[in-house]
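# Structural overview
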Amino acid sequence: MGGVSPITSHVLDAARGSPAQGVPISISYASTSQAASAGQSSVIGRGVTNSDGRCPTLLEPTHVLQPGVYTVRFDTKTYFALHGEKSFYPFVDVTFEIDQPAPHYHIPLNLAPFSYTTYRGS
């Protein structure tokens with residue numbers, strides 16, 4: 001996808017009905033689900049959502065995805081603190097497993113102080 005991270009995200013603040021700018025995001029990788037469960041993941045990228053709530057630079061565009069388990073961590077406590085609010089969830093982890101890597105994965109998050117939803121985007 002020339003110039004775009006192979007894993008991207010988009011965070012929407014469902015309570016405000018707008019993009020969630022300023023959400024710190026990290027992504028970790030483990031080669032197996034057993035390694036991930038045992039806490040043997042390594043952080044491979046970091047970013048912050050932009051004014052459109054997107055994080056297009058989570059990984060370098062040239063990063064080659066490997067089969068394994070990836071966890072995208074959204075630092076929701078920091079985001080809500082920017083707005084003078086508390087969050088029931090200090091962070092949201094979205095963990096998924098890739099068997100046969102595709103060129104691009106999109107991980108959206110719909111966020112509110114007391115709830116969140118996610119799905120595999122396109």
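Scroll up to find the structure.
It should be emphasised that the depicted structure is a prediction, and the values quoted were computed from it without experimental measurement. (Residues numbered from 1 in each chain as written. Predicted model: local features only at pLDDT ≥ 70, side-chain atom pairs only at ≥ 80, totals over all residues. Heavy atoms only, no water.)

## Thoughts on the sheet that holds strand β3 (residues 24-30)
Strand order in the open sheet made by the four strands is β4-β3-β6-β7, with antiparallel pairing throughout. What marks the edges here is a single partner per strand, and that holds for β4 (42-48) and β7 (92-98). Neighbouring strand axes in the sheet, compared pairwise and without regard to direction, differ in orientation by 20 degrees on average. Where β3 lies against β4, six bridges are found, and the strand directions are antiparallel. (Pairing = 2+ DSSP bridges. Helix = DSSP H or I, 4+ residues; strand = E, 2+ residues; numbered from the N terminus. Axes fitted to C-alpha atoms, helices over the stretch in contact; angles between N-to-C directions.)

## Here we look at the nonpolar core
Judged by nonpolar contacts, the single largest core of 23 residues is most densely connected at I7, V11, I25, V72 and F74. Of all the secondary-structure elements, those providing two or more residues to this core are β1 (7-13), β3, β6 (68-74), α2 (76-82), β7 and β8 (105-112). Excluding its chain neighbours within four sequence positions, the residues that come into contact with I25 are S9, V11, G45, R46, G47, T49, C55, L58, V72, R73 and F74. (Core = buried A, V, L, I, M, F, W, Y, C linked by side-chain atoms within 4.5 Å. Buried < 20%, exposed > 50% of the residue type's maximum accessible area, 1.4 Å probe, protein only. Contact = heavy atoms within 4.5 Å.)

## Observations concerning the side chain of H106
Its place among the elements puts H106 in strand β8. The class for H106 is buried, based on a relative accessible area of 10%. In this view, H106 contacts T8, S9, H10, R54, Y119, R120, G121 and S122; residues no more than four positions away in its chain are not counted.

## With respect to the environment of I107
Secondary-structure assignment places I107 in strand β8. Accessibility expressed as a relative area gives 6% for I107, which makes it buried. Sequence-wise, I107 and V72 are 35 residues apart; in three dimensions their C-alpha atoms are separated by 8.1 Å. If near-sequence neighbours (up to four positions away) are discounted, I107 is found in contact with I7, T8, S9, H10, V72, F74, V94, F96, T118 and Y119.

## Things to note about the pattern of salt bridges
What the rule picks out here adds up to four salt bridges. Two residues, R16 and D13, come together in a salt bridge whose shortest N-O distance is 2.6 Å. The exposure class of R16 is partly exposed, given its relative accessible area of 33%. Via salt bridges that share partners, D13, R16 and E85 belong to a single interconnected network. (Salt bridge = Lys/Arg side-chain N within 4 Å of Asp/Glu carboxyl O.)

## Structural notes on the pairing of strand β9 (residues 115-118)
One ladder, built from four bridges, connects β8 with β9; its direction is antiparallel. Across the sheet, L111 pairs through a bridge with Y116, a residue of β9. Linking β8 to β9, which pair antiparallel, is a turn of two residues.

## A closer look at the packing of aromatic side chains
Under the counting rule described, the total for this entry stands at seven aromatic pairs. Ring centres of Y79 and F80 lie 5.2 Å apart, and the angle between their planes is 70 degrees; on these two criteria the pair is classed as edge-to-face. Between F88 and F114, the aromatic rings sit 6.2 Å apart at their centres with planes inclined by 35 degrees, giving tilted as the arrangement. Here F88, found in the loop between α2 and β7, pairs with F114, found in the loop between β8 and β9; they are 26 residues apart in sequence, far enough to count as distant. Pair check on accessibility: F88 and F114 agree, each one exposed. Each member of the aromatic cluster is reached from another via a ring pair, and the members are Y29, Y70, F96 and Y105. For the cation-ring pair, R73 lies above F91, with the distance from its terminal atom to the ring centre recorded as 3.7 Å. (Phe/Tyr/Trp six-rings, centres within 6.5 Å; stacked < 30°, edge-to-face > 60°. Lys NZ or Arg CZ within 6 Å of the ring centre and 35° of its normal.)

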